Amino acid sequence: MKPTTVLLRRGRVIDPRHGVDGVRDVLVRDGVVAQVSEAPLDAPPDAQVVDAQGRWVLPGFIDLHVHLREPGEEGKETVLTGSRSAVAGGFTAVVAMPNTKPVNDSVLVSEYVKAKAREAGLCRVYLAGAITKGLQGEGMAEMGALVAAGCVCITDDGRPVMNAGLMRRALQYATQFDLPVMVHEEDLTLSGKGVMHEGATSTRLGLIGIPPSAEVAMVARDLVLLEETRGRLHVAHVSCEGSVRLIREAKRRGLRVTAEATPHHFTLEDEAVGDYDTHARMNPPLRTRQDVLAVREALADGTIDAIATDHAPHGVLEKQVEFDKAWNGVVGLETALGLTLAAVREGALSLTRAVALLSDGPARAFGLPGGHLAVGAPADITVVEPDVEWTVDATRFFSRSRNTPFHGRRLTGRVAQTWVGGRLVFENGQTKESRS
């Protein structure tokens, strides 16, 4: 469908990249932002006029860390259902992780996912290619071919690259493409058979714990390799105070490191496991209050660049089992905004910083289009009703999966519209699909 001319009138435009926060008219033409005006604009004859009074008009959200499960595990999620979930949450672009079946370590799988994204016709779907063949941690995947196929980063997410020599080579080779290497930081010799954070709650429940050192030690190793190779490192789902300290110091020394944190890691503590609630099982695990506060501080001060959901759909039977047998992960695309705004109301983040973490920060981290609303920018726009209160109901998710620890939680602030390339793809609880 050809993008139409759209005039979004008198919304509160928040564009952190350009220091804009005020009532504006935004004119969209041919899929890009054509004008942003403090004064009211006359509507062109062909324009669709949208009354945005009382709403926020924000750069479209970008999620650097999403599992779409296709190909291979379509019962959990597909590119289509994941895209529906994304636009319902205000995300105009997502980066799809490579741990599909088969793994995205080849041009063939990359092209398959891209074709499915075009068919879905909702959000922009960027690809992450594997660091190692089959995510086995033994030999590097064909990085050049993956880049040529459109991959915007490489990662073995879900598994660490335990071989330091292999990780060093990956960082070195990636410099030829100026490509970020996303890392799942976990020393398997330290995490072992652990299933949650090692602490008082794991002791009470009789569950094997995962110490913070399992993450922190690997962050330290990879920052040493980064300094030596002068590559680009992106640390996924930061959960520990120790990791925050190392990343902060590395940035001060000018290393090219970026990082993300998930809403569940800056909202919940390990006590959320309660009495063996498998919806609170994820990797890295939920940590302590001290860790949560450290992650929040890092989000606020720029140590962490992006909020990413690590949207990880799983079926009912993979969660309704004993805690130590449950699969790790939660879905997060449809709750990310509400949880982020809760952190704003609690004083952990300014509103401007929260918007930046959902848009400009991720765009800059991976060098993606969008993330701002200047003239000429892609017309990827998220319109938010800031005062709407709602209750998380997992049974109504657009995602095919229901695994969330936030079912029943009251949140404030909800997506009213999502625009991608000047086309309305979500409005008032319904996706607007136009597949060709």
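Going by the structure above, here's the rest.
Notes on the structure follow. The structure displayed is predicted, hence computed values, not measured ones. (Residues numbered from 1 in each chain as written. Predicted model: local features only at pLDDT ≥ 70, side-chain atom pairs only at ≥ 80, totals over all residues. Heavy atoms only, no water.)

1. With respect to the overall build of the protein chain
As a reminder of what qualifies: Only runs of H or I of at least four residues qualify as helices and only runs of E of at least two qualify as strands under DSSP, and these elements are numbered from the N terminus. For the radius of gyration, the atom set is restricted to C-alpha positions; the globular benchmark scales as 2.2 Å times the number of residues to the power 0.38. Think of it in three bands: residues with accessible area under 20% of the maximum for their type are buried, residues over 50% are exposed, and the middle band is partly exposed, with areas taken using a 1.4 Å probe on protein chains only. The criterion used for residue contact is that any of the two residues' heavy atoms lie within 4.5 Å. Positive charges come from Lys and Arg alone, negative charges from Asp and Glu alone, with His and the N- and C-terminal ends not counted. Lys charges are placed at NZ, Arg charges at CZ, Asp charges at CG and Glu charges at CD.
Along the backbone of the protein chain there are 12 helices and 19 strands. For the protein chain, whose C-alpha radius of gyration is 21 Å, the value lies close to the compact-globule estimate of 22 Å for 436 residues. Taken over 436 residues, the protein chain has a buried fraction of 61%. By sequence separation, contacts in the protein chain at least 24 residues apart represent 75% of the contacts at least 6 residues apart. When the 49 positive and 55 negative side-chain charges of the protein chain are each reduced to one mean point, those points stand 2 Å apart.

2. Remarks on helix α8 (residues 241–252)
For clarity, the threshold we go by: Here a helix's expected span is defined as the number of its residues, less one, multiplied by 1.5 Å.
Under the 1.5 Å per step criterion, the end-to-end length of α8 is 17 Å for 12 residues, consistent within 8% with the ideal 16 Å. Of all the positions in α8, only G242, S243, V244, I247, R248 and A250 are classed as buried. Of the surrounding secondary structure, the elements contacted by the buried residues of α8 are α7 (213–229), β13 (233–235), β14 (257–261) and α9 (289–301). Note on α8: the residue one or two positions beyond its end, G254, has a positive phi of about 85 degrees.

3. Considerations on the sheet that holds strand β7 (residues 91–96)
We count it as follows: A pair of strands counts as paired when DSSP detects no fewer than two bridges linking them. Every axis in this analysis is a line fitted to C-alpha atoms, fitted for helices over the stretch in contact. Angles between the N-to-C directions lie between 0 and 180 degrees.
Across the sheet, 8 strands lie side by side as β6-β7-β8-β9-β10-β13-β14-β15; this open sheet has parallel pairing. Because the sheet does not close on itself, it has two edges, and the strands there are β6 (61–66) and β15 (306–307). The sheet contact formed by β13 and β14 spans 3 bridges and is parallel. Note on β14: the bridge partner recorded for L233 is V257. With respect to the sheet, α7 is in contact with β10 (181–183), β13 and β14, its orientation differing from that of β13 by roughly 165 degrees.

Take it as geometry only, folks, not as evidence of what the structure does.
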